[in-house]
Number of protein chains: 2
Amino acid sequence: MDTDGAAEPGAGICDDRDRVGEIGHAIFRVARAHRAAAGRLLREIGLYPGQEIMLGHLGDHGQTRQSRLVVELGIDPSTVTKMLQRLERQGLVERRADPTDRRVAVVAITEDGKDLLGRIEDSWRRLDEITCAGFTDDDRDRLKRILTRLEGNLAPCEEN
Amino acid sequence: MDTDGAAEPGAGICDDRDRVGEIGHAIFRVARAHRAAAGRLLREIGLYPGQEIMLGHLGDHGQTRQSRLVVELGIDPSTVTKMLQRLERQGLVERRADPTDRRVAVVAITEDGKDLLGRIEDSWRRLDEITCAGFTDDDRDRLKRILTRLEGNLAPCEEN
DNA sequence: ATGTTATTGTTGGCTGGCCAAGTTTTTCGG
DNA sequence: CCGAAAAACTTGGCCAGCCAACAATAACAT
């Protein structure tokens, strides 16, 4: 490993430092701001960021086994468990054991949960509008493509 | 500007649901993947994602009062407090009270912290390389510009 | 000088998210 | 048929991050 670090020129100013990881930094900040904005919007309907994605997914896919949520949402099994426990406590989601395979838990959105879907979509629309304010349709398409590429780049190192 | 979105050309399929919040979704997923990737890299040097940004900032700015960190990093005061408590416990950061104003806490990176800066930058470089694999310099510039715009769009709703 | 307001930081509680280690059930191999 | 391996979740612990409520100090007004 680099036992050196001594190779560093004593120059106190390392203009590099401002450029290294510039993109990663920017992604980090955008992500935090985006999440915070989502949080503010979702708070109006009593949700935390992340929960709305779970509910939206369940709204689209009907009954789903938990392991599929893990794969499709790309989050840790333990995270899914805890999120569902909280959503269940709020009556937005139901879980029951699959009779054919008693390991799996089948998850479904409740009526109360469905009632929120409209407002969730509304929040999404507003959030995208805030995020992409001043973007032309062209810009948005470009952005979507870029995000897809980024996701593709980051995905492989996901499944390790 | 198109106030609508109804001006969608060639719209025949009305599965709105897949399009609503598409960008927000993508940002969400990219952000999670990016953070996870950062976590894997940082783990090698014993840090959690977020801490490296704090340390990098302190490395660049020397002594800083906590309230400035709140503003410059754009995170909650309580988050700063807790992060610094943990970093202090690890000996990477020092805090002392400002004698001229006993409310403020002045923060500085320690020698042990500085020793990590090189490896942190290395992680940043690697992460950006993973994230932007296959991106031309042009692509990266575009991406940086877009991220800056996104950040600008999301910032105002931050300071509420 | 003295009470009121603003600034600064802390604590507690809640979330999403990860990892590591466990439990239960199913499946597979001998 | 039975024991080992795999699959599907759960629990506990730790992190960042937010909000709300608090304590301490400074600045300001009267």
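Refer to the structure above for everything that follows.
The structure displayed is predicted, hence computed values, not measured ones.

1. Thoughts on the pattern of salt bridges
Move 1: The full count for this structure, using the stated rule, is 26 salt bridges over all chains.
Move 2: The closest approach of N and O atoms between Glu44(B) and Arg126(B), which form a salt bridge, is 3.1 Å. One end of the pair, Glu44(B), is in the loop between helix H2 (22-43) and helix H3 (51-61); the other, Arg126(B), is in helix H6 (residues 111-131), and 82 residues separate them in sequence.
Move 3: Classification of Arg126(B) as partly exposed rests on a relative accessible area of 36%.
Move 4: Arg68(B) is the partner of Glu72(B) in a salt bridge, and the nearest nitrogen-oxygen pair spans 2.6 Å. Taken together, the positions of Glu72(B) and Arg68(B), both in helix H4 (residues 66-73) and four residues apart, correspond to about one turn of that helix.
Move 5: On the basis of relative accessible area, Glu72(B) is assigned to the partly exposed category, the value being 31%.
Move 6: Look at Arg68(B) and you get partly exposed, because its relative accessible area is 44%.
Move 7: Salt bridges sharing common partners tie together Glu22(A), Asp141(B) and Lys144(B).

2. What to know about the protein's contact with DNA strand D
Move 1: Taken together, 29 residues sit near DNA strand D, with Ser67(A), Lys82(A), Ala105(A), Ser78(B) and Arg86(B) positioned nearest.
Move 2: The sugar and phosphate moieties of DNA strand D supply 71% of its atoms located within 4 Å of the protein.
Move 3: At 3.3 Å, a side-chain N or O of Arg103(A) approaches a base nitrogen of DNA strand D.
Move 4: In the model, a phosphate oxygen of DNA strand D is placed 2.3 Å from a nitrogen or oxygen of the Arg86(B) side chain.
Move 5: For the surface near DNA strand D, the elements supplying multiple residues, two or more each, are helix H1 (22-43), helix H3 (66-73) and helix H4 (77-89) of chain A together with helix H5 (77-89) of chain B.
Move 6: Residues of the surface near DNA strand D, tallied by class, amount to eight nonpolar, eight polar and 13 charged.

3. Side note on the protein's contact with DNA strand C
Move 1: Neighbouring DNA strand C are 29 residues; Ser78(A), Arg86(A), Gln66(B), Ser67(B) and Lys82(B) lie closest to it.
Move 2: For DNA strand C, the fraction of atoms within 4 Å of the protein that belong to sugar or phosphate moieties is 73%.
Move 3: The side chain of Arg35(A) places a nitrogen or oxygen atom 3.4 Å from a sugar or linking oxygen of DNA strand C.
Move 4: Here a phosphate oxygen of DNA strand C sits 2.3 Å away from a polar atom, N or O, in the side chain of Arg86(A).
Move 5: Mapped onto the surface near DNA strand C, the elements with two or more residues apiece are H4 of chain A together with H2, H4 and H5 of chain B.
Move 6: For the surface near DNA strand C, the class distribution of residues is eight nonpolar, eight polar and 13 charged.

Conventions used here
- Position numbers for residues count from 1 along each chain, tracking the sequence in the order it is written.
- Each chain is given a letter, starting from A, and each ligand a number, starting from 1, according to the order in which they appear as written.
- In view of the model being predicted, local features appear only for residues whose pLDDT reaches at least 70, and side-chain atom pairs are presented and counted only at 80 or more, with totals across whole chains, interfaces and linings using the full set of residues.
- Computation of side-chain values: all heavy atoms of the structure, hydrogens and water removed.
- One speaks of a salt bridge when a side-chain nitrogen belonging to Lys or Arg is within 4 Å of a carboxyl oxygen belonging to Asp or Glu.
- Only DSSP runs of H or I with at least four residues qualify as helices, and only runs of E with at least two residues qualify as strands; both kinds are numbered from the N terminus onward.
- Type-normalised accessible area, obtained with a 1.4 Å probe on protein chains alone, sets the label of each residue: buried when under 20%, exposed when over 50%, and partly exposed for intermediate values.
- To be near a molecule or strand, a residue needs just one of its heavy atoms within 4 Å of it.
- Whenever two N or O atoms come within 3.5 Å, that pair is a polar contact, provided that in protein one can donate a hydrogen and the other can accept it, and provided that, for residues adjacent in sequence, both atoms are side-chain atoms.
- Just so you know the grouping, Ala, Val, Leu, Ile, Met, Phe, Trp, Tyr, Cys and Pro go in nonpolar, Asp, Glu, Lys and Arg go in charged, and all remaining residues, Gly too, go in polar.

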